[in-house]
Amino acid sequence: MLRSQSYLGAQYRRLRARLGAPKAITAMAHKLARLVYRMLKWGHEYVDKGLQYYEERHREQQVQLLKKRAAKLGLQIVEPEAA
């Protein structure tokens, strides 16, 4: 998963940077087990949303987190105007 250009690969790399390799491997094994369980029990297909989707979602989450932190400090984030 380290070089995989998939959603799961991106998630693993981010977890590995934050938690370290052993915990990231355990977390991803748990995630894969849940995916396989859903596929077997309900017949769902796994559809990889891709690296781009994961990166965009992570970026949006980070922006929201920064806005909340700024609001706690009494600051306001100003979005740049579209060109």
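Anything mentioned here points back to the structure above.
Source: prediction; values computed, not measured.

A. Inspection of helix α2 (residues 21-42) at higher detail. Under the 1.5 Å per step criterion, the end-to-end length of α2 is 31 Å for 22 residues, consistent within 8% with the ideal 32 Å. Listed as buried for α2 are Ala24, Met28 and Leu35. Each buried residue of α2 sits inside an arc of 25° when the element is viewed along its axis, so together they form one side. Those residues of α2 that are exposed and angled more than 90 degrees off the buried face are Pro22, Lys23, Thr26 and Leu40. On the buried face of α2, the contacting elements are α1 (7-19). Gly43 lies just past α2 and shows a positive phi near 75°.

B. Expanded view of the layout of surface pockets. Its boundaries defined by the atoms lining it, the largest pocket holds a volume of some 160 Å³. Considering the residues around the largest pocket, the lining is formed by Tyr7, Leu8, Lys31, Leu35, Arg38, Tyr46, Val47 and Lys49. Those elements giving two or more residues to the lining of the largest pocket turn out to be α1 and α2. Looking at which element gives the most residues to the lining of the largest pocket, the answer is α2, with three residues. Taken together, the residues of the lining of the largest pocket break down into five nonpolar, no polar and three charged.

C. Looking closely at the packing of α1 against α2. Contact geometry for α1 and α2: axes closest at 7 Å, N-to-C directions at 145°. In this structure, α1 crosses over α2, and the sense of that crossing is right-handed. The segment α1 lies against α2, with Leu8, Gln11, Tyr12, Leu15, Arg16 and Leu19 engaging Ala21, Lys23, Ala24, Ile25, Ala27, Met28, Lys31, Leu32 and Leu35. The residue makeup of the contact of α1 with α2, split by class, is 11 nonpolar, one polar and three charged.

Calculation criteria
- Just so you know, the residues in each chain are numbered from 1, in the order the chain's sequence is written.
- Local features in a predicted model are, by the rule used here, given only for residues with pLDDT of at least 70; side-chain atom pairs are given and counted only at 80 or more, and totals for whole chains, interfaces and linings are based on all residues.
- Heavy atoms from the whole structure form the basis of all side-chain values; hydrogens and water molecules are not counted.
- Counting from the N terminus, the helices are the DSSP runs of H or I reaching at least four residues and the strands are the DSSP runs of E reaching at least two.
- Expected helix span is taken as 1.5 Å per residue step, with the number of steps being one fewer than the number of residues.
- Buried means the residue's accessible area, taken with a 1.4 Å probe over protein chains only, is under 20% of the maximum for its type, while exposed means over 50%, and partly exposed covers the values in between.
- Our arc is simply the arc of the directions from the helix axis toward the C-beta atoms.
- Here, residues are in contact when the closest pair of their heavy atoms is within 4.5 Å.
- Using protein atoms alone on a 1 Å grid, points that fit a 1.4 Å probe yet trap it form a cavity, whereas open point sets bounded by protein on both sides within 12 Å along at least five of seven lines form a pocket; residues with an atom within 4 Å of a point count as lining.
- Grid points are joined across faces, edges and corners, and a volume is the space filled by probe spheres set on the points.
- Any residue that is not Ala, Val, Leu, Ile, Met, Phe, Trp, Tyr, Cys, Pro, Asp, Glu, Lys or Arg is counted as polar, Gly included; the first ten are nonpolar and the last four charged.
- Here an angle of 0 to 180 degrees is reported between the N-to-C directions of two axes, which are lines fitted to C-alpha atoms, with helices fitted over the stretch in contact.
- Crossings are classed by handedness, with left-handed meaning an anticlockwise turn of the near helix from the far one by less than a right angle and right-handed meaning a clockwise turn.

So far we have only geometry, and geometry alone does not tell us how the molecule works.
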